[in-house]
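# Inside the fold
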Amino acid sequence: MKDQAEILRMRMQEKEGNKQAKTIAVASGKGGVGKSNFCVNFALQLMRKGRKVLIFDLDIGMGNIDILMGKSPKRTFVDLFKEDISIQDIIERGPESLPYIAGGSGLTRIFELDDAKFNYVQNEFEQLIKSFDYILFDMGAGATQDSLHFISSAHEVIVVTTPEPTSITDGYAMIKHLVHKDNRLPIKILVNRSLNEKSGRETFERLALVVKRFLASEVALLGVLPDDRSVLEAVNKQRPYVIDRPKSRVSRSLEELVLGYLNESRTQASSSFSFVDKLKRFVFER
C-alpha cells in the first residue's frame, strides 16, 4: 500500500494538473466609466501581489487597452483567425511585462464562426487557462449576444459604475441582462470616480437594493475608487496610474481593494466548473 506521504504527493500533482485560471469579466452598462483603465491597473496590482495575470481585450473594434498602456500590438485577437498561429503567439507585453491580448478589428460576431474555427478557439482557450492565475476579460460597454456569452461563462463579473444616475441606471440594465442569462453568476460592483468612500457605498447600496427588489438577486461590493485627477493625468501620458502616480489616492485605494479581494478569495471555495466547458454550451445558441 502507498504510504500517506505518497498519496498526498499524487493528490497535489493531480490538483496542479487541473489548475485553471479564474476568469473575471469586467463589464459596464455604458462607456466612459473607466472600465478599461480599472482593468489595467487592477491587473498590475494583482501581479505585484505575485499573481500571474492576463488581460484579454474583448471590445473587438473598439478596444483601448493597448492605448492606455502606450503600446502598439503586433498582433491582436483577430489575427488568431487569419494566421496559422496559437493564442500564445498573440500575447503582448505591457508595462511591468503585463501580458495582454489586444482586441483588433474586423471580427464582428465571434459566435458566427464556422465550427472548425470555433473549436480551434476553444482548444486555444483550454491551453491559456492553464498558464495564468487570473484572466481579465475587458468587455465592450453594454450588452450584446456575444458579450453576454463570454460574461456568463466567466467565474465572476465585475460591473463598473459611477455615482452618476445614468451610470447607475445603465449598470442596473447590465445586471438585469446577466441575471436573466444566469442567476447564479457572482456579480461584484466597482464604484469608480466617487467623491468619497461614503458616497461610493451609498451608490452601491442603492443599486443593490434595486437589484434585490426587482431581480430577486444579490450583488457584492468589490470596492470604491475616488475621483482623482491623477487618473486623467496618467491617461494623457498613456501610463497606468499605479505606475505614474503610485502614491495617489486612487492608487492607494486600489491596492487596498486588491488586498481585500485576495483575502476574500482565499476563504472562498474554488470554482469547480471550467470556463471553456461553460462557453461550449453557447455553441448551441448560435
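Rules used throughout
- Each chain carries its own residue numbering, running from 1 in the written order of its sequence.
- Totals for whole chains, interfaces and linings use all residues, but because this is a predicted model, local features are given only for residues with pLDDT of at least 70 and pairs of side-chain atoms are given and counted only at 80 or more.
- Side-chain descriptors were evaluated using all non-hydrogen atoms of the structure, hydrogens and water having been removed beforehand.
- Here a strand pair is declared whenever DSSP counts at least two bridges between the two strands.
- The helix count covers DSSP runs of H or I at least four residues long, the strand count covers runs of E at least two residues long, and both are numbered beginning at the N terminus.
- The contact criterion used is simple: two residues touch if any of their non-hydrogen atoms lie within 4.5 Å.
- To get an axis, a line is fitted to the C-alpha atoms, and for a helix only the part in contact is used. The angle between two axes follows their N-to-C directions and goes from 0 to 180 degrees.
- Each residue after the first adds 1.5 Å to the expected span of a helix.
- Relative accessibility under 20% of the residue-type maximum defines a buried residue, over 50% an exposed one, and the middle range a partly exposed one, all with a 1.4 Å probe and only protein chains included.
- In this context, the arc is that of the directions from the helix axis out to the C-beta atoms.

## Concerning the sheet that holds strand 3 (residues 92-93)
Spatially, 3-4-2-5-1-6-7-8 is the arrangement adopted by the 8 strands of the open sheet, whose pairing is mixed. Either end of the sheet is taken by a strand with one partner, and the two such strands are strand 3 and strand 8 (220-226). As paired elements, strand 2 (residues 53-57) and strand 5 (residues 134-138) share 5 bridges and run parallel to each other. From the neighbouring strand, Ile55 faces strand 5, where its bridge partner is Leu136. Against the sheet, helix 6 (residues 165-181) contacts strand 1 (22-28), strand 6 (156-161) and strand 7 (187-194), and its axis sits at roughly 160° relative to strand 6.

## Here we look at helix 6
If you check helix 6, its first and last C-alpha atoms are 25 Å apart, about what 17 residues at 1.5 Å a residue would give, namely 24 Å. When helix 6 is considered as a whole, its buried residues turn out to be Ser167, Ile168, Gly171, Tyr172, Met174, Ile175, Leu178 and Val179. Buried positions in helix 6, seen along its axis, are confined to an arc of 165° and lie on one side of it. The exposed residues of helix 6 that point more than 90 degrees off its buried face are Pro165, Thr169 and His180. Of the surrounding secondary structure, the elements contacted by the buried residues of helix 6 are strand 1, helix 5 (145-153), strand 6, strand 7 and helix 7 (197-215).

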